[in-house]
Amino acid sequence: MLYSASETVFREVKELILSGELAGGELISEGDIAARTNVSRTPVREAFLRLESEGWMRLYPKKGALIVPVADGEAEHVVSARQLVETQSVRVVSVRPHAREALVAALRANLIEQREIADRGDVAAFSAIDADFHKMIVAAGGNPLLDSFYASLRDRQRRMTARSISRDPGQLSRILADHTALTDLVETGDADGYNTAVLTHMRQVHGLGFEGTL
């Protein structure tokens, strides 16, 4: 698919933000991105305005664009929302054997890809396939409203995961181990076990404590 110059810049810069290559708090300029993407400043300006409207950057005239950091408390809110939605989907799937079997097969295929990407150390690609893993679990619940809500969390989830892995590459192996355990819980239909395990998984990945959360 062919995109306009502004759409291309928007997608590329947003990907840089989600992958952590453009870190929260970093100040960039239209000129920097124009040179990087080989376009004029006009489509860059249009892309920046769109990114600002979505909350990814804050524009300062004659100074540049500030990449908005992950807000205080955002990780807590994202984790809480994800736990509720994912666990509900696992509860639904736990009483639908055929749906559960199909989901487990898809998750195990995803795990194979995760291992290959982890071996390459590709943080951006891993954060994307990590998000896909959890999205499949939600989608298996068959509730389009929850699907739509969860999709709204995907970009935040990706950015948080990429940031965590960049800070501690050892997270890659831990996430893989956790995902394998979560898949086993889905396979056995243990929704309560999944609820506890996915909370532990997410809080450890994102460096959140446990006091007062259970």
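What counts and what doesn't
Residues numbered from 1 in each chain as written. Predicted model: local features only at pLDDT ≥ 70, side-chain atom pairs only at ≥ 80, totals over all residues. Heavy atoms only, no water. Pairing = 2+ DSSP bridges. Helix = DSSP H or I, 4+ residues; strand = E, 2+ residues; numbered from the N terminus. Core = buried A, V, L, I, M, F, W, Y, C linked by side-chain atoms within 4.5 Å. Buried < 20%, exposed > 50% of the residue type's maximum accessible area, 1.4 Å probe, protein only. Contact = heavy atoms within 4.5 Å. Domains from an automatic or database assignment. Buried area = accessible area lost by both parts, 1.4 Å probe. Salt bridge = Lys/Arg side-chain N within 4 Å of Asp/Glu carboxyl O. Polar contact = N/O pair within 3.5 Å; in protein donor to acceptor, adjacent residues only side chain to side chain. Nonpolar A, V, L, I, M, F, W, Y, C, P; charged D, E, K, R; others polar.

Draft legend 1. Molecular detail of the pairing of strand β2 (residues 57-60). Bridge analysis of β2 against strand β3 (residues 64-67) gives four bridges, and the strand direction is antiparallel. Within β3, the position partnered with Tyr60 by the bridge is Gly64. The loop that links β2 with its antiparallel partner β3 comprises three residues; one of these, Lys62, has a positive phi angle of about 70°.

Draft legend 2. Layout of the nonpolar core. By size, the foremost hydrophobic cluster in this structure holds 30 residues, and its most contacted members are Phe126, Ile137, Val186 and Tyr194. Elements supplying a minimum of two residues to this core: α4 (74-94), α5 (97-120), α6 (123-139), α7 (144-167), α8 (171-188) and α9 (191-205). Residues in contact with Ile137, not counting those within four places in the same chain, are Glu86, Ser89, Val90, Leu103, Leu107 and Tyr194. In terms of nonpolar packing, the next biggest core, distinct from the first, is built from 18 residues, Leu22, Ala34, Ala47 and Ala65 among them.

Draft legend 3. How the structure looks around the domain arrangement of the protein. Taken domain by domain, the protein consists of domain 1 (5-67) and domain 2 (74-206). If you average the C-alpha positions of domain 1 and of domain 2, the two centres end up 29 Å apart. Of the residues lining the interface, nine residues belong to domain 1; the matching set on domain 2 comes to seven residues. Summing both sides of the interface, domain 1 and domain 2 together bury roughly 670 Å²; the carbon and sulfur share of this comes to 51%. Looking at the side of domain 1 facing domain 2, the largest losses of area belong to Leu18, Ser19 and Trp56, adding up to 65% of the total buried there. Between Asp155 and Lys14 there is a salt bridge, with its nearest N and O atoms 2.8 Å apart. The tally of links between domain 1 and domain 2 comes to two residue pairs in polar contact (both at pLDDT 80 or more). Here the element with the most residues in the side of domain 1 that touches domain 2 is helix α1 (residues 5-18); it accounts for four residues. The residue inventory of the side of domain 1 that touches domain 2, partitioned by class, reads four nonpolar, three polar and two charged.

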